[in-house]
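Topology and contacts: notes
Here is how the chains run, residue by residue.
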Amino acid sequence: MAKSPDKNTILAIRFSAMGDVAMTIPVMKQLLDAHPELVIVFVTNKNWGALCEGIPRLVFFPADLKGAHKGLKGLYRLFRAIRKAHPGISAVADLHHVLRSRIVRTFYKLSGIPVSAIDKGRAGKKALTRKENKEFKPLKTTIDRYRDVFAGLGYTINQALPGTLPQQPVAGKKQIGIAPFATYLEKTYPLEKMQQVIAQILREEDVEILLFGGGKEEVTKLETLAAGDARLKVVAGKYSLNEELRIISGLSLMVSMDSANMHLASLYGVPVVSVWGATHPYAGFMGFGQKEENAVQIDLYCRPCSVFGNKPCFRGDHACMQQLAPELIVEKVRKTLAERALA
């Protein structure tokens, strides 16, 4: 692995799911564009290297947290590997602030390297999601929390810089991506309702719909959904992450849950119609540059009940998704496509 040049070099750490990692990318691109003297070595899951491609001076460093870098000894091994490959690390930005990232940053701190860590705003999120007496107000976005970490190291970010990567539209085709799944049921729109969304879009628009997901079970469901209609194509399970990102970059629009595909589309400035159930944009996880007006959701006294969607519905009826009419999603799609046509 090539060593970073002898410049100001920040080690950025985010061990997490792909969506959370994807949210860091536009911020680091803005930072690098604003500070041409900087290099960022980004240590994250070994599978997410494609997210860093195309950004000068953003150096991907793979972490194998289930293998070579598992446990305390593994994290020390990771620290030594980073230090060997990039001995010029001048500061550490902990964008995750969990036990593993704290351990790695502590090794650097003990070496006299300055460290800045994210403030996750846990108290505010707890107040937003509690059952009673919610403090229902927008919190600082995760994007801004990432920016604050770098500000803590003395580096301001010019938010006017784009942060996104170039789109690569497919000539002669208008393609819409639909990603109907999420990690948790509480963040997933019922598939039979999404089928109604798809049917209505295909009646109204001359488009090709690409279906995104992951894992064998999701791929099987999408194959069944797409069967018999040439305008529906399954992307899930057929391409590498690099190839999937290239496909996403050419979309006219993405329809996604509060999940990774919202953030992947946001990397390329692709507008997203996002569907929210147990979670809420107020918690700060809206995609980079996305309009909150394109978030599809209904007002319920119980929403949001979770920051990440990982808590079972205490009502037991999943009303936030079951009561959300397909027409609400279709209307946002229709409006966004019309706006793009006029742009």
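These numbers come from a predicted model, not from an experiment.

What follows covers the pattern of salt bridges. Enumeration over the complete set of coordinates arrives at 17 salt bridges. Of the charged contacts, one joins R147 and D144 as a salt bridge, the two residues approaching to 2.7 Å between their closest N and O atoms. One end of the pair, R147, and the other, D144, are both in helix α5 (residues 142-151), three residues apart, so they sit about a helical turn from each other. Given a relative accessible area of 26%, D144 falls into the partly exposed group. Put simply, D258 and K187 hold a salt bridge, and the shortest N to O gap is 4.0 Å. Of the two residues, D258 is situated in the loop between β9 (253-257) and α9 (260-266) and K187 in the loop between β6 (175-179) and α6 (191-204); the sequence distance between them amounts to 71 residues. Here D258 matches K187 in class, with each residue buried. Connected via shared salt-bridge partners are E204, E331 and R334.

Moving on, we get to the packing of aromatic side chains. Scanning the entire structure with this criterion turns up six aromatic pairs. Ring centres 5.2 Å apart and planes at 35° place the aromatic pair F79 and F107 in the tilted group. Residue F79 is found in helix α2 (residues 71-85), and its partner F107 is found in helix α3 (residues 99-110); the two are separated by 28 residues along the sequence. Overall, the relative accessible area of 17% leaves F107 in the buried class. With a centroid separation of 4.9 Å and an interplanar angle of 90°, the aromatic rings of F79 and Y108 are classed as edge-to-face.

Calculation notes
Residues numbered from 1 in each chain as written. Predicted model: local features only at pLDDT ≥ 70, side-chain atom pairs only at ≥ 80, totals over all residues. Heavy atoms only, no water. Salt bridge = Lys/Arg side-chain N within 4 Å of Asp/Glu carboxyl O. Helix = DSSP H or I, 4+ residues; strand = E, 2+ residues; numbered from the N terminus. Buried < 20%, exposed > 50% of the residue type's maximum accessible area, 1.4 Å probe, protein only. Phe/Tyr/Trp six-rings, centres within 6.5 Å; stacked < 30°, edge-to-face > 60°.

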